[in-house]
Amino acid sequence: MPHAVTLIPGDGTGPEITTATRRVLEATGVEFRWEVCQAGMETLEKQGTILPDEVIESIKRTRVALKGPITTPVGKGVRSANVTLRKKLDLYANVRPAKTYPGLRSRYEHVDLIIVRENTEDLYAGIEFQRGSPELAELIELVERATGTRLDPESAISLKYISVAASRRIVRFAFNYAREHGRRKVTAIHKANIMKFSDGLFLATAQEVAREYPDIQFEDRIVDNICMQLVQKPEQYDVLVLPNLYGDIVSDLSAGLIGGLGVAPGANIGNQYAVFEPVHGSAPKYAGQNKVNPMAMMFSGVLMLRHLGEKEAANRLEKAIAQVIAEGKNVTYDLKPRPDDPSAVGTSQVADAVIEKLQRL
């Protein structure tokens, strides 16, 4: 039976890298039944929404989506499509692999990290109080009554909250991921030395969950320390599990270790649904130029294949992409020694090269 998958091309360079990724996925021999759904700036102009309801409905039918990047308009009050998807589908786990491949321009070798980021709460929950608002004045009075601390009324406040339930399920997700993928260690990241109640709760919950997985090594690190450790000796780490804000920062740091966002895949996963997408943005200035690197989305396709149980096809596709990178011939400008290298190829030519490698594997 073919796998039903919602395919969201996105906008900007999204349609180009989506087409390239679709081609290489189909070249693995795995059969798909694509439900193509439009979202992004064009739907905002035509329908008044960046993420139409039919996209959500499609994902609820197929349970799996492959998504190109979607632009979030700045300063127009339009909510990010990614945030909306995570909220409506309860995609509580953001998974960001960071792996070096021979041929990538990186200062490191043998990096193979999995960043597991909690997606639903922390400072990114969006509970904010605007300077000068009556709600802020009420909150300032409450804080003074409760703690004796008088906050500056010329402030804006964002609330950070961390719950036992969300912490438990994200840490369990990290341990289950480690167990299913043959990983040896899970490291919980926090700032419990300063935020003793919120981050302290996350750490205590992680320690409690870790006792359920005696076969997996567990440790914890303070967030500023792990940033230094990852720069110095990333090979010592395996699966990292973090609250929302720290996960956002550390996952981008990890992408920098392996050669940049052009090769950084991502997944947002819940108990019922999963959405796979590249980490980078839509780069609208390059739209239609057949120029951008499609490998982050191709690697996201590898993650999707594994999620669908197509492990052999996933391994073949990862190997084919790795061979193209190592060869260094049919790669886009960002993977060349110099971005103005005239031998750089376009998006579709990368797909051609990956398909050629697949046919030989």
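Everything below is about the structure shown above.
### Some details on the environment of Gly-266
Here Gly-266 is to be found in strand E11 (residues 265–269). Gly-266 sits in the buried class, given a relative accessible area of 3%. Sequence spacing of Gly-266 and Ser-251 is 15 residues, and the spatial spacing of their C-alpha atoms is 9.9 Å. Those residues within four positions of Gly-266 in sequence are excluded, and the remaining contacts are Val-95, Arg-96, Val-275, Phe-276, Glu-277, Val-279, Ser-300 and Leu-303.

### Topic: the pairing of strand E9 (residues 217–222)
The pairing of strand E8 (residues 185–190) with E9 spans six bridges and is parallel. Bridge pairing in E9 places Val-186 opposite Phe-218.

### Things to note about the sheet that holds strand E1 (residues 3–8)
Taken together, 10 strands build an open sheet; the order of strands is E2-E1-E3-E12-E11-E4-E5-E10-E8-E9 and the sheet is mixed. Strands at the two margins of the open sheet, each flanked by one partner only, are strand E2 (32–36) and E9. Taking each pair of neighbouring strands and ignoring which way they run, the sheet shows an average axis angle of 25 degrees. In the sheet, strand E5 (residues 112–118) pairs with strand E10 (residues 239–242) via four bridges, with the strands oriented parallel. Note on E10: the bridge partner recorded for Arg-117 is Leu-242. Helix H6 (residues 164–180) contacts strand E4 (93–99), E5, E8, E9, E10 and E11 of the sheet and is inclined by roughly 160 degrees relative to E5.

### A look at the nonpolar core
Counting 84 residues, the largest nonpolar core has Met-295 and Val-354 as the members making the most contacts within it. Not counting residues within four places of it along the chain, the set of residues in contact with Val-354 comprises Val-24, Met-298, Leu-317, Ala-320, Ile-321 and Val-324. Counting residues in hydrophobic clusters, the runner-up holds 16 residues, among them Ile-8, Cys-37, Ile-56 and Leu-89.

### What to know about the packing of helix H11 (residues 311–327) against helix H12 (residues 347–360)
Running from N to C, H11 and H12 point in directions that differ by 120 degrees, and their axes come no closer than 8 Å. Classed by the angle they form, the pair H11 and H12 counts as oblique. The way H11 lies across H12 gives a crossing that is right-handed. In this structure, H11 contributes Arg-316, Leu-317, Ala-320, Ile-321, Gln-323, Val-324 and Glu-327 to the contact, and H12 contributes Ala-353, Val-354, Lys-357 and Leu-358.

### Considerations on the pattern of salt bridges
Side-chain pairs of opposite charge can arise where the charged atoms are in close proximity. In total, this model carries 28 salt bridges according to the counting rule given. Here Glu-277 and Lys-67 are joined by a salt bridge, their closest N and O atoms 2.7 Å apart. Of this pair, Glu-277 sits in strand E12 (residues 274–278) while Lys-67 sits in strand E3 (residues 64–67), and the two are 210 residues apart along the sequence. Given a relative accessible area of 7%, Glu-277 falls into the buried group. Judged by its relative accessible area of 1%, Lys-67 falls in the buried class.

### A look at the pairing of E1
Among the six residues in E1, six count as buried, and that is most of the element. Taking every second residue as pointing to the same face, both faces of E1 are buried, with His-3, Val-5 and Leu-7 on one and Ala-4, Thr-6 and Ile-8 on the other. Read from E1 through helix H1 (residues 14–27) to E2, the crossover connection turns out right-handed. Taken together, the three bridges between E1 and E3 define a ladder with parallel strand orientation. Pairing of Leu-7 across the sheet is with Leu-66, part of E3.

### Regarding a nonpolar patch on the surface
Nonpolar side chains collect at one region of the surface, where Ile-127, Leu-159 and Tyr-161 lie side by side and expose about 230 Å² of accessible area between them. Tracing the backbone through its elements, the reader meets Leu-159 in the loop between strand E7 (157–158) and H6. For Leu-159, a relative accessible area of 34% puts it in the partly exposed group.

### Brief notes about unusual backbone geometry
Here Ala-283, not a glycine, exhibits a phi torsion of approximately 45 degrees, which is positive. Tracing the sequence through the fold places Ala-283 in the loop between E12 and helix H10 (295–307). We note that Asn-290 has phi near 50 degrees; this positive angle belongs to a residue other than glycine. Looking at where Asn-290 falls in the secondary structure, it is placed in the loop between E12 and H10.

### Re empty space enclosed by the protein
This model, assessed by the stated rule, comprises one cavity of 30 Å³ or more. Lining the largest cavity are Glu-118, Glu-121, Asp-122, Tyr-161, Ile-162, Ser-167, Phe-202, Pro-243 and Asn-244. For the lining of the largest cavity, the class distribution of residues is four nonpolar, two polar and three charged.

### Looking at H10
With 13 residues, H10 should reach 18 Å at 1.5 Å per residue; the first-to-last C-alpha distance of 18 Å fits that figure. Counting buried positions over the 13 residues of H10 gives 11, a clear majority of the element. All of the buried residues along H10 are Met-295, Ala-296, Met-297, Met-298, Phe-299, Ser-300, Gly-301, Val-302, Leu-303, Met-304 and Leu-305. Positive phi shows up at Gly-309, right after H10, with a value of about 85 degrees.

### Structural notes on a positive patch on the surface
On the surface, a cluster of positive charge is contributed by Lys-60, Arg-79, Lys-87 and Lys-88. With respect to the helices, strands and loops of the structure, Arg-79 is situated in the loop between E3 and helix H4 (81–89). Take Arg-79: its relative accessible area is 47%, and that puts it in the partly exposed class.

The rules behind the values
Residues numbered from 1 in each chain as written. Predicted model: local features only at pLDDT ≥ 70, side-chain atom pairs only at ≥ 80, totals over all residues. Heavy atoms only, no water. Helix = DSSP H or I, 4+ residues; strand = E, 2+ residues; numbered from the N terminus. Buried < 20%, exposed > 50% of the residue type's maximum accessible area, 1.4 Å probe, protein only. Contact = heavy atoms within 4.5 Å. Pairing = 2+ DSSP bridges. Axes fitted to C-alpha atoms, helices over the stretch in contact; angles between N-to-C directions. Core = buried A, V, L, I, M, F, W, Y, C linked by side-chain atoms within 4.5 Å. Parallel < 35°, antiparallel > 145°, perpendicular 65-115°, else oblique. Left-handed = near helix turned anticlockwise from the far one by under 90°. Salt bridge = Lys/Arg side-chain N within 4 Å of Asp/Glu carboxyl O. Right-handed = clockwise from strand over helix to strand, strands pointing away. Patch = residues over 30% accessible without salt bridge, like charges linked within 9 Å, V, L, I, M, F, W, Y side chains within 5 Å. Areas by Shrake-Rupley, 256 points an atom, 1.4 Å probe, with all protein chains shown as cover. 1 Å grid on protein atoms, 1.4 Å probe; cavity = no way out; pocket = protein on both sides within 12 Å on 5 of 7 lines; lining within 4 Å. Points joined across faces, edges and corners; volume = space filled by probe spheres on them. Nonpolar A, V, L, I, M, F, W, Y, C, P; charged D, E, K, R; others polar. Expected span 1.5 Å × (residues − 1). Lys, Arg positive; Asp, Glu negative; His and termini not counted. Charge placed at Lys NZ, Arg CZ, Asp CG, Glu CD.

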